[in-house]
Amino acid sequence: MQPGVVGPCLYSINGMLCPPIFSVGAAPSVAALLESGLTTMTAKQTPPQEATKLRAEINDHNYRYYVLDAPVISDAQFDKLFRKLQELEAQHPELITPDSPTQRIGAKPLAGFEEIKHTVPMLSLANAFDEDELADFDRRVHDRLKRDIEAPITYSCEPKLDGLAVSLRYEAGKLVSAATRGDGYAGEDITQNIRTIKSIPLHLRDKFPPVLEVRGEVFISKKGFAELNARAEKTGEKVFVNPRNAAAGSLRQLDPQITASRPLTMFCYGVGVVEGAEFKSHSESLQALKRWGLRVNTAAAVVKGLKQCATYYQKMASQRAGLDYDIDGVVFKVDDLALQKTLGTVSRAPRWAVAYKFPAEEENTQIEAVDFQVGRTGALTPVARLKPVFVGGATVSNATLHNMDEIARKDVRVGDTVVVRRAGDVIPMVVSVIKEKRPKQTQEITLPSECPICGSEVMHVPGEAVARCMGGLTCSAQRKESIKHFAARRAMDIEGLGDKLVEQLVDHDLIHDAADLYTLKADQLAGLERMAEKSADNVIAALEKSKTTTLPRFIYALGIREVGETIARTLAHAFGRLDKLMAADEEALLAVNDVGPIVAEYVLHFFQQASNRKVIERLQHAGVHWPAIEVKAAEDLPLAGKTVVLTGTFTHFSREDAKAHLLALGAKVSGSVSKKTDFVIAGESAGSKLTKAQNLGVTVVDEATLQKWVAAL
DNA sequence: TTGCCTCGAGATCA
DNA sequence: CTCGAGGCAA
């Protein structure tokens, strides 16, 4: 096979040749294309000229097909052009360019995905679930902008696609990288897979900017999904349950060849970074994206004021079923970019946008049983076992009922027919009971007086929502859960020690607590389910490896109530050594940032327990160790004695977080700028305080600097 | 919470 | 071939 020429026909998906997009130089006009008879080869051309011309034509047809939604040739004609280019390139491999439309699947399967940091974070959106909440949003926008509520704001509206958010980066017009959203700050490098999506141009057209990071949603159309599953069914492969998961799975393929066979497509909805271009409004930026060859949802619109937003929502709601893609709501963005800037961003979502969600899909089903699960802290959680029902794109068979109050409020009984939905389209929830359908014989749900696992007493403190098993570590459920927590990735990170294995180990009485893990021998493990020699050795090796850890991880792994990762880290840094933390009294604990009386009480109580101290001692004795953390005395803190003023809004911190971090760094945080101010930290859309700082000659630093300080701590 | 992909390795059958 | 574990996304 020729280098760079991949496979047989890559584009014959669904028996139809679908076009890719991009453009070099000026694209021929429709008239010119039609005149040329669409078969090129009019006059004599050199092969390089012909290749260039073919590519331009193909890319242009792609653009017309995907972006303008107005193809001027048939699929068969496109097919012909495409094959012609393939043949030409096969005869003259030296003519192949990386961004030739034939080169979408160039690469070999990846070993794994690399990380890509987003230049501008990919935030999530605030949600509104009814018209009141939408009105609240509009009011907040007016308030923040100090606008009269009667003066309508111009909003850009678009359907909210149910797919996966991705970010594409173009440099000098070329697609150079693509990433998933990830945690919003960094995602996975899925460039290879994105390149196979024919509606995404490998090269921008028109007067594209030198650098562009564009955000959008990758998805599979309803039609594409149906065809994909029909094919899968025919070939006996497994079918996907919904388009969203099919799209997500397709992008996570290591082999781009497989991704190419999935009918993925994309709508772009925003600009992350752009250099060399300026826009006044969001809608203008969408127009530009379209000009540059990127596909933008044609249902996008610009409206004035709340009322028209509501109308747009109604319109989309009524069109929803007829659309060829799944949407779960409508997004409204303040159109004017200057206003967006003024509004700024709160911790994880911009203040200038809102997602008005359609009501979640609901289904009826029956409650077959209610079990009580015992958690790590002994908390008894009632879980409804449901007759499996397909709702919101997944089969739901369990739903937490949270606690007894919740059960009483909804008056849920075993045997009841209930309405189920996936809250936020994720977590299953029992919405209500259909009383009319209640059978004569229903069973009321009562809190067991004894722990269903260990038989210990169950205590329900009046006023508290949760009931707890008082068995402590004599309860095998609590032991299992705390050992699982100990081994978890974010805790001791013991690879291969999953839930199933922990359960077997506890059930076989091989371990009773976390410290027992380190006494395990390979031959004890071997013989358990799915545990032969090799696996057993791996687990032993993983245990050995986990002995070298860090203090924050270890504190977190202990599973002290209310001590999550963040507080564990704070405590580790505040005390530096475990023995210091164990010896700390209430006063010392309360002196730590973010530690209040409740957390202090739990920490004290935990270390008072002889059993806990014993486990810690045995863990250390087994060789679990970590480097001490240097605790900086107040005067040694990097910002000791400095007065700092915050202004503007920050992307990575809320105001409170930023302040807390600065205090931890030893700084004094003041509200107003004076000559005594050492630094002003200016975020987005900083106002008068920034001006004043500049006038007084006070040092101004940006958010990135603050992040650096925090990271260094 | 569910669904998807990937990997390693155990289980099963020829 | 099947399962458990791990990782990711919504």
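Treat the numbers as computed from the prediction; the structure is a model and nothing was measured.

Reading guide: rules and limits
Throughout, residues of each chain are indexed from 1 in the direction in which the sequence is written. All chains are assigned letters beginning with A, and all ligands numbers beginning with 1, in the order in which they are written. Where local features are concerned, this predicted model is filtered to residues with pLDDT of at least 70; where side-chain atom pairs are given and counted, the filter is 80 or more; whole-chain, interface and lining totals use all residues. Note that water and hydrogens are dropped before the side-chain values are worked out from all heavy atoms of the structure. Numbered from the N terminus, helices here are DSSP runs of H or I no shorter than four residues, and strands are runs of E no shorter than two. Any residue under 20% of the maximum accessible area for its type is buried, any over 50% is exposed, and the rest in between are partly exposed; the area is computed with a 1.4 Å probe on protein chains only. The contact criterion used throughout is that any non-hydrogen atoms of two residues lie within 4.5 Å. For the accessible areas, the method is Shrake-Rupley and the probe is 1.4 Å, while residue cover comes only from the protein chains on display. Throughout, the term near means that a residue has one or more heavy atoms lying within 4 Å of the molecule or strand in question. As used in this structure description, the phrase polar contact means that two N or O atoms lie within 3.5 Å; if the pair is within protein, one of them must be able to donate a hydrogen and the other to accept it, and residues adjacent in sequence are counted only when both atoms belong to side chains. Charged means Asp, Glu, Lys or Arg here, nonpolar means Ala, Val, Leu, Ile, Met, Phe, Trp, Tyr, Cys or Pro, and polar covers whatever is left, Gly included. The definition of a nonpolar core used throughout is a set of buried Ala, Val, Leu, Ile, Met, Phe, Trp, Tyr and Cys residues joined through side-chain atoms within 4.5 Å. Patches draw on residues past 30% relative accessible area with no salt bridge. Two like charges within 9 Å are joined, as are two nonpolar side chains (Val, Leu, Ile, Met, Phe, Trp, Tyr) within 5 Å. For salt bridges, the criterion is a side-chain nitrogen of Lys or Arg within 4 Å of an Asp or Glu carboxyl oxygen. In this count, Lys and Arg are taken as positive residues and Asp and Glu as negative ones, while His and the chain termini are left out. Charged groups are reduced to one reference atom each: NZ for lysine, CZ for arginine, CG for aspartic acid, CD for glutamic acid. Here, any two strands with at least 2 DSSP bridges between them count as paired. Each axis is a line fitted through C-alpha atoms, and for a helix only the stretch in contact is used; angles between axes span 0 to 180 degrees, taken between their N-to-C directions.

### Quick look at the overall build of chain A
Within chain A one finds 26 helices and 26 strands. Burial statistics for chain A: of 713 residues in total, 46% are counted as buried. Long-range pairs, those at least 24 residues apart, make up 68% of the contacts in chain A with a sequence separation of at least 6. Of the accessible surface of chain A, which amounts to about 34,900 Å², a share of 51% is contributed by carbon and sulfur atoms.

### Quick word on the protein's contact with DNA strand C
Thr-180, Arg-244, Arg-489, Gly-496 and Arg-530 are the nearest of the 19 residues found near DNA strand C. A breakdown of the atoms of DNA strand C within 4 Å of the protein gives sugar and phosphate a share of 83%. The separation between a sugar or linking oxygen of DNA strand C and a polar side-chain atom of Arg-244 is 3.3 Å. A distance of 3.3 Å separates a phosphate oxygen of DNA strand C from a polar backbone atom of Leu-501. Residue assignment for the surface near DNA strand C shows that the elements contributing at least two residues are strand 4 (164-171) and helix 14 (499-507). Of the residues assigned to the surface near DNA strand C, the class counts are six nonpolar, five polar and eight charged.

### Observations regarding the protein's contact with DNA strand B
For DNA strand B, the set of nearby residues contains 20 residues, the closest of which are Val-241, Asn-245, Lys-534, Ser-535 and Asn-538. Here a phosphate oxygen of DNA strand B sits 3.2 Å away from a polar atom, N or O, in the side chain of Lys-238. Here a phosphate oxygen of DNA strand B and a backbone polar atom of Thr-395 are 3.0 Å apart. Taken together, the elements giving at least two residues each to the surface near DNA strand B come down to helix 7 (243-251), strand 16 (394-400) and helix 17 (533-546). Its residues assigned to classes, the surface near DNA strand B comprises seven nonpolar, eight polar and five charged.

### Overview of the environment of Lys-304
Assignment of secondary structure puts Lys-304 in strand 9 (residues 301-304). Measuring from C-alpha to C-alpha, the distance between Lys-304 and Ala-151 comes to 9.3 Å, with 153 residues separating the pair along the chain. Discounting residues that sit within four places of it in the chain, Lys-304 has contacts with Pro-152, Ile-153 and Thr-154.

### Thoughts on the nonpolar core
Ranked by internal contacts, the top residues of the largest apolar core, which has 56 residues, are Ile-494, Leu-517 and Leu-589. If you look at the next biggest cluster of nonpolar residues, it comprises 33 residues, including Phe-113, Leu-164, Leu-202 and Leu-286.

### Some words on a negative patch on the surface
Residues Asp-130, Glu-131, Asp-132 and Glu-133 make up a contiguous surface patch of negative charge. Along the chain, Glu-133 falls in helix 4 (residues 131-145). Judged by relative accessible area, Glu-133 falls into the partly exposed class, the value being 31%.

### Quick look at the sheet that holds strand 10 (residues 327-334)
Read across the sheet, five strands follow the order 2-13-10-3-9 without closing on themselves; strand pairing throughout is mixed. Where the open sheet ends on each side, the last strands, each with one partner, are strand 2 (126-128) and strand 9. Geometrically, the sheet is characterised by an average inter-axis angle of 35° between neighbouring strands, direction not taken into account. Relative to strand 13 (residues 353-357), helix 4 is tilted by about 175°, and along the sheet it contacts strand 2, strand 3 (154-161), strand 10 and strand 13. Docked against the sheet, helix 9 (residues 282-291) engages strand 3, strand 9 and strand 10, running at close to 50° with respect to strand 3.

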